[in-house]
Every structure is written in structure tokens, then in C-alpha cells.
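# Topology and contacts: notes
Chain residues, written in single-letter form:
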Amino acid sequence: MRRLIFFGGAGFLLLFALSFVKPASAASSTMYTWTPSKLYKTASGVAYSRNVNSGTAVTVYSKSGKRYKVKAGGKTGYIYADNLTRSKVKKEDYFGSKIYKQAAGGPYVASVPAGKMMYIKMEATKNGMYLAHVIGTGYSGYVYKTHFIKPVVKYTWMPSKLYTSATGNSYNKTIKDGQKVSVFNGSHGRYQVKAGNSSGYIYANNLTGLLAKKTVYASSKLYTSSSHTKYTAVIRPNQQVYVKESSQNMSHICVVGTAQSGWIYTSHFTKPAPAAGGTTSTTTGTSQTGSSTAGGKTTGTATGSTSGSASGTTGSAAATSGTTTTGNTGSGSASGTTATGNTGSGSASGTTTTGNTGSGSASGTAATGNTGSGSASGTTTTGNTGSGSASGTTTTGNTGSGSTSGTTTAGSTGSATASATTTKGLDVSHYQTLTQDSFNLMKSQGYNFIILKATEGSGYTDSKFYTYYKYARNAGLSVHAYHMIGNSTTTSAQHIAEAKHFYQVLAQAKAKTGYAFTGYAFEDIEPTGTNSITTTWWANAAPACAGYFLNEMQTLGQAKVGIYAGYFNWKSYLEGHTDSWPSNTKIWLARYNITLGTNADVWQYTETGTIDGITGHFDLDISYDPDF
């Protein structure tokens, strides 16, 4: 009996002692709810005691199946393990995001504006996305990680397409130059941006951190690179431009409100100092003979008063200010000028003219040994006879030349008028709906040439080719045609067949429209949905296949031929591999919104151009070749 009592007493003591020992399952740690969570009563049941808000700290004891046993706000229960995270991370969505169901994108549960705060489950980063909960809502799902990075402010220094992806060609709109955008991240040469309420991707080269707007005070050639070897246009004084960068005394600019971009001399942003006045004396002049602004002529009269000093002058005409004129006969007006031994000279400003006869007006010009020269501005003319007017021009050894602007001509006789040696053009197909009035408007707005789609593959003819060919010729445009490559086979037969089809369509132009085809015939080499062009084909077969086509065209009788390609494909696969092509092949390249950056005969610089009075967008081109 005593033994039984002793045992009973020992058992009581043992149970009493065990009541003060912490159970193994009670070992705890702190975790957080990143999304609103139910506090279930059991590890597997559906009944729950309360809702726990996102961002709440809970004490976690153990895991049972898919749930943790936790203590939240004094109550114990079970919360799904997926609803808990080790770190409480709260981030702001700067972009405004779709909340996707899956990390791969696709269907989404909600779209929230920028500025929303979210709790992030750090362990769930996948495919560049966070698993997140929008605080104060019922929305949880995947959000792009980059949307939580505070954006950098940049500006468009030139018009820029807002692409729908980092790599595709589809775009929502074109952002004007001088617009502020928020930049979030970059890939494949494009930045993900927000411009106002629109979002998308813009080429990194089209953005700048600081937007500088300046005025060009001198007539400026718009060069394709800072090495100033080739230019596309001439900018007139007082134009405003956005400046992106400067290098080697050159600045990379875009003319405000246009798509014209390139490099000009930085010194042209310096406003010229006002000209200083001369001494005063008054003389009544007689008629001036020998001055002119027409090439090779020395006629024209002028009367007026002269102010300044004149020595040994007979019959001086208009006003001279701060000028020394010596031994001149019939001289006109001059400002800040030294004119010596001239006969019948016209007006000059900031000019040195020596030994000239019948020279016209000149500004900022050195003219030596000239006879019957016309007017010149910012020009050096040497040894010329009967030269016309020139602006920003160097003319050497020319006879009877016409007017030139932004041009260098050497050793020419009887040259005609040229302006920056470029002409405006465009290319169209049946995708544009056009009338005769449309082509008349193109011509009236300064477009000189047009390239029409004629054929594709070995059997297709563009439904509008003959109609548009007739309209364009009626309007006085220079008309050319292109053929879309239809097959990426590496054998010659297919490409020769395509050339024969193209040639036959062009040969029928006279019968169909009344006008024979006299322009250039281009092969358009680019991937389409049907020709199966691949990178392997570009690398191994493209130059040879182009040669099959071009040589067949010339064999058939089409002497004027050319190639169209994108800038990347030209530089990567075609340039330097043209030995099998006809030697006179013209090169037509596409490169949008940035300078061309290489030599070509025609540059397609945009696919979203507009023409006043005509609905829709157009591919616009610049030609450097006088044949266009």
C-alpha cells in the first residue's frame, strides 16, 4: 500500500513538473502576411476565426500540410504558408501596373494607377515579376519588378515612335520632339517609358537627359555624322533646334517641329555681332553698269548716295559704309568692304573683291579674278567667269554656272541650279488610297520622286501600280518601282523568275498608262510573312540571290536597277559583298528617326510621314542622286 502511494505521489510530481516544460512544437519565429489571410481554426478545415490584414506580423510555431500554426493578435490558428513571407517589404508602384495571374503575363485580375503601395513576397520573384498585393484592395498577383524602380526623367530631342514592345515594330503613337518622359528600364536598345498617360518603348538614342533648345544663326549643312563628310539638307538661319550632344566642334541636333536631324557646326549657335558703321559724306551717284545676280551677265543699273570714303572712283552708285574702294569704275554699294581694281562691281558686304569685272553683290565673300559674277553670300569664288548667285558655296574654275545653295562644284561649265544636292520623295503601294489630286499635292509640296510597289514573288502584281504610275507621271513626278522578294531559296531559278515577272510588268506600263517606264527598278529584300527569310539566309545567300535578280533585270533590258534593305541588314550582310551585282546598282536604305550613318543613294527616314491634304502615313525618302 505504501509503495502504491509512493508511486502515485511520484506520478503526480512528474506530471506537475512536465506542465512547466515548453512543448517542442512551440518553437517560434516571426513572419508577415504579404496578402490578406484567413486565420483558420484547424490545419485542414474551412472554418476560420478572423481575417488578418496584409503586412501583419505573426508568430509562427509549426507547419502542418500547407498551413502554418500561428498566433496573430492574441489569437491562435492556421494560415496558408504561401501567404507568409520572412521579410516585410513595402514598395511603391511608380509605373501603374496590371496585376497578372501568372508570372508569364497573359490574363490579369486588375489594373492599378501609379502611386499604389504594395507588399511584396520576395521569395516569389519570377520572370522579372514580383508576387505582390495592392494594399487596401483585394488584388494580389504578379507585377513587373521594374515598375517599382523610381523613373529617371528624360526628353525626346527628336520625334519618336512609342513602340508596344522592346523588340517589335508595332507602335501606338509618335511622341513629338521636346517631350518629357519617365524612363523605367531598357533592353534591346529601347527604354520602357511613360509619356503623359501613354506607355511603351522608345529608342534610347532618341532620348536625352538635358533638353537644350538653341537658335541657328548661320546657314548650316545638316551632316549625317560629326565627321561632316556628307549632308542631307541645309538649315536656314534663325531656325530653332534641339541639341542632344556635341563632339569635335559639331552638335547633334533635330530641327524643332520636324524629323530633320543630323550634325551642324557648334559655332553656328553664336549670334553674329552687329556690323559697325562708317564715316559720313554724301555723294549723289550715277547709274551703275555691270552688276547683276544672273550668271554670266553684267547688266543692271543702280542710283543712290555713298557714305564713307571713296578714292579714284568714277560714277559710284549706292551707299558705302566703312568702305575703301580704290580705282573702281561704276561700283555699287559696299559695307565693311575692300574692293580694288574692279569695274562695274555691284554691292558687297564684309567682302574682299580683287580684279573683278562686272561683279554682282557679295556678302561675307572673297571673290578673286572673276568676270561678270553674280551675287554671293558666305562664298569663296575663284577664277570664275559669268558665275551666278551662290550661298554657303565654294565654286572653283566654273564658267556660266547658275545659282547654287550649300553646294561644292569644281571645274564645271554651264552648271544648273542645285539646292543641298538632295530631293524629297516617298514610296507607296495599294495600302494607300490615293487620287490624281493626291499626287498633284505631293508635287506642289516639293516632292520630286516616288517609288511605287509593282510586284511580289513570281506572280503578284500590285493592284494600284498602273493607276498610281499614271497619276504620278501626270503630276510631273519622277517615278520608280520596287519588287518585293517572294522566296528565300538559294538557287538562281526562283530569283530569275521573279526578275522576269517584274520586268514584264514594267514593260507593259506604256500600253497600260500611255507612259513608258523610265525609272529605277529596285528589289526590296526584307522578311515578310511568306518569304521565309532567316538570319542564316541573310548570312549565307543574300548577296548572291540579289545578284541573280539584278543581273537578270539588266539582261532583259532594264538598265537602271537598285536594292532596298534595312540599315542593319545592309551593314551586316550586304555591304562589301556586292561584287556579283551590276556596277551601277543604286542603294536605297531604311533607317528611321535617326541619321542614316552610312552612304546610300536614297534614304527612307520615316514610315509615319504626313503630307498636307492627304489622309494617312507615308514612307518618306531623301535622295542624294540627281537621277531622282
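The following paragraphs examine the structure supplied in this document. (Residues numbered from 1 in each chain as written. Predicted model: local features only at pLDDT ≥ 70, side-chain atom pairs only at ≥ 80, totals over all residues. Heavy atoms only, no water.)

Of regular secondary structure, the protein chain possesses eight helices and 52 strands. Looking at the protein chain as a whole, 43% of its 628 residues are labelled buried. A sequence separation of at least 24 residues applies to 49% of the contacts in the protein chain between residues at least 6 apart. (Helix = DSSP H or I, 4+ residues; strand = E, 2+ residues; numbered from the N terminus. Buried < 20%, exposed > 50% of the residue type's maximum accessible area, 1.4 Å probe, protein only. Contact = heavy atoms within 4.5 Å.)

Of all six residues making up strand β49 (residues 561–566), five are buried, and the element is well covered by its neighbours. With four bridges connecting them, strand β48 (residues 521–524) and β49 associate as parallel partners. Residue glutamate 523 lies in a different strand from β49, and its bridge partner there is isoleucine 563. Where β49 and strand β50 (residues 586–590) come together, five bridges link them in parallel fashion. Following the sheet pairing, isoleucine 563 is matched in β50 by isoleucine 587. For the crossover that starts at β49, traverses helix α8 (residues 567–574) and ends in the parallel β50, the hand is right-handed. (Pairing = 2+ DSSP bridges. Right-handed = clockwise from strand over helix to strand, strands pointing away.)

What follows covers the packing of helix α4 (residues 492–507) against helix α7 (residues 542–556). Running from amino to carboxyl end, α4 crosses α7 at an angle of 40°, the nearest separation of the two axes being 8 Å. Between α4 and α7, the angle falls in the class oblique. The handedness of the crossing between α4 and α7 is right-handed. Packed against α4, whose contacting residues are Ser492, His495, Ile496, Glu498, Ala499, Lys500, Phe502, Tyr503 and Leu506, the element α7 presents Cys545, Tyr548, Phe549, Glu552, Met553 and Leu556 at the interface. Residues belonging to the contact of α4 with α7 are distributed by class as follows: ten nonpolar, two polar and three charged. (Axes fitted to C-alpha atoms, helices over the stretch in contact; angles between N-to-C directions. Parallel < 35°, antiparallel > 145°, perpendicular 65-115°, else oblique. Left-handed = near helix turned anticlockwise from the far one by under 90°. Nonpolar A, V, L, I, M, F, W, Y, C, P; charged D, E, K, R; others polar.)

Contact geometry of helix α2 (residues 436–444) with helix α3 (residues 465–475) gives a least axis separation of 8 Å together with a crossing angle of 40°. With respect to each other, α2 and α3 are oriented oblique. With respect to the hand of their crossing, α2 and α3 are arranged in right-handed fashion. Side by side, α2 and α3 meet where Gln436, Phe439, Asn440 and Lys443 of the first sit next to Tyr468, Lys470, Tyr471, Ala472, Asn474 and Ala475 of the second.

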